[in-house]
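Residue-level listing of the chains:
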Amino acid sequence: MKSSTKLHSLCSVLMASLFAYSASVQLNDPDWYFWFPLYACACVVNMVNWAISSTTTIMHVARVSLLLGLFLFIKVVIEDFVNEIAGFWSLNLSERVVREKIGSGLVVISLILQLEASLVPEDPMRKKKRDSTKFFDYGMAILVGFSFGLPFVFFVVQQGEMKF
Ligand SMILES: *[C@@H]1O[C@H](CO)[C@@H](O)[C@H](O)[C@H]1NC(C)=O
């Protein structure tokens, strides 16, 4: 088991809860069989991120989910482009393709950060992770800020509504 910083643990728990929520609202989606496993796996990997190492199943789960996330991200970006819905940079959460683009994008970034952070070797002198983990911790903190901030601004501040 690897040590991780408090910031890393806090960010992981927050991302895990966001992905758990996202998984729970997929079940009435027509293509839930893609999205439910994606969010469920992303949730599990964030919950047990301390267990990621080259020998564990969780590492494989993280890698397979990362590929699924990339595939779905590319799929929705193409769908958006072909149907001229919102544009690549759009953050308009009214549109399903934009919600799915951001959701899969967050899964991909969070899994990359978890996998990279797990590869940082421990410092044998101090029995804790080297300072380079700070880089991944700050990355996670920014990701958490964006993930919770964007829906807050869109739905609460701007009173945006969902279009299905
Ligand atoms: C977001 O999308 C909705 C639905 O297509 C649209 O009515 C709204 O004007 C868009 N908002 C912005 C800020 O573009």
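Relevant structure appears above.
Residues numbered from 1 in each chain as written. Predicted model: local features only at pLDDT ≥ 70, side-chain atom pairs only at ≥ 80, totals over all residues. Heavy atoms only, no water.

Asks: I keep staring at the overall build of the chain and nothing clicks. Help me out?
Replies: Scanning the chain from N- to C-terminus turns up five helices and two strands. Beginning at the N terminus, the succession of helices and strands in the chain can be written as α-α-α-α-β-β-α. A globule of 164 residues ought to have a C-alpha radius of gyration of about 15 Å, and the chain, at 17 Å, matches this closely. Burial status across the chain gives 41% buried among its 164 residues. The contacts of the chain with a sequence gap of at least 6 include a subset with a gap of at least 24, amounting to 64%. In the form shown here, the chain has an accessible surface area of approximately 9500 Å², with 71% of it arising from carbon and sulfur atoms. Within the chain, one finds 14 positive and 13 negative side-chain charges whose respective centroids are separated by 12 Å. (Helix = DSSP H or I, 4+ residues; strand = E, 2+ residues; numbered from the N terminus. Rg over C-alpha atoms; globule rule 2.2 N^0.38 Å. Buried < 20%, exposed > 50% of the residue type's maximum accessible area, 1.4 Å probe, protein only. Contact = heavy atoms within 4.5 Å. Areas by Shrake-Rupley, 256 points an atom, 1.4 Å probe, with all protein chains shown as cover. Lys, Arg positive; Asp, Glu negative; His and termini not counted. Charge placed at Lys NZ, Arg CZ, Asp CG, Glu CD.)

Asks: What is the right way to look at the pattern of salt bridges in this model?
Replies: One side chain can pair with another of opposite charge once the charged atoms of both are near each other. In this structure the tally under the stated criterion is five salt bridges. For Glu-79, the salt bridge is made with Lys-75, and the minimal N-O distance between the two is 3.6 Å. Here Lys-75 and Glu-79 lie together in helix H3 (residues 57-83), a separation of four residues that amounts to about one turn. Its salt-bridge partner being Arg-96, residue Glu-100 comes within 2.9 Å of it at the nearest N-O pair. Of the two residues, Glu-100 and Arg-96 are both situated in helix H4 (residues 96-119); the distance of four residues between them amounts to about one turn of the helix. With a relative accessible area of 6%, Glu-100 lands in the buried category. A single salt-bridge network, built from bridges that share partners, covers Asp-31, Lys-75, Glu-79, Arg-96 and Glu-100. (Salt bridge = Lys/Arg side-chain N within 4 Å of Asp/Glu carboxyl O.)

Asks: For this particular structure, what's the right way to read the site of the ligand?
Replies: Near the ligand the following residues occur: Asn-92, Ser-94, Glu-95 and Lys-163. A distance of 2.4 Å separates an oxygen atom of the ligand from a polar atom in the side chain of Asn-92. A distance of 2.4 Å separates an oxygen atom of the ligand from a polar atom in the side chain of Glu-95. Burial of the ligand by the protein chains amounts to 34% of its free accessible area of 360 Å². A breakdown of the residues in the shell around the ligand according to their chemical character gives no nonpolar, two polar and two charged. (Near = heavy atom within 4 Å. Polar contact = N/O pair within 3.5 Å; in protein donor to acceptor, adjacent residues only side chain to side chain. Nonpolar A, V, L, I, M, F, W, Y, C, P; charged D, E, K, R; others polar.)

Asks: I'm lost on H3 in this one. Help?
Replies: Side chains three or four residues apart in an α-helix point the same way, a direct result of the helix having 3.6 residues per turn. The first and last C-alpha atoms of H3 sit 39 Å apart over 27 residues, in line with the 39 Å expected at 1.5 Å per residue. Among the residues of H3, Ile-58, Met-59, Ala-62, Ser-65, Leu-66, Gly-69, Leu-72, Val-76, Glu-79 and Asp-80 are the ones counted as buried. Of the residues trailing H3, Glu-84 is marked for its positive phi of about 50°. (Expected span 1.5 Å × (residues − 1).)

Asks: Explanation requested: the environment of Ala-20 in the structure shown.
Replies: By the element assignment, Ala-20 lies in helix H1 (residues 6-24). On the accessibility criterion, Ala-20 (35% relative accessible area) is partly exposed. The spatial distance from the C-alpha of Ala-20 to the C-alpha of Ser-65 is 14 Å, given a sequence separation of 45 residues.

Just geometry here; none of it tells us what the structure is for.
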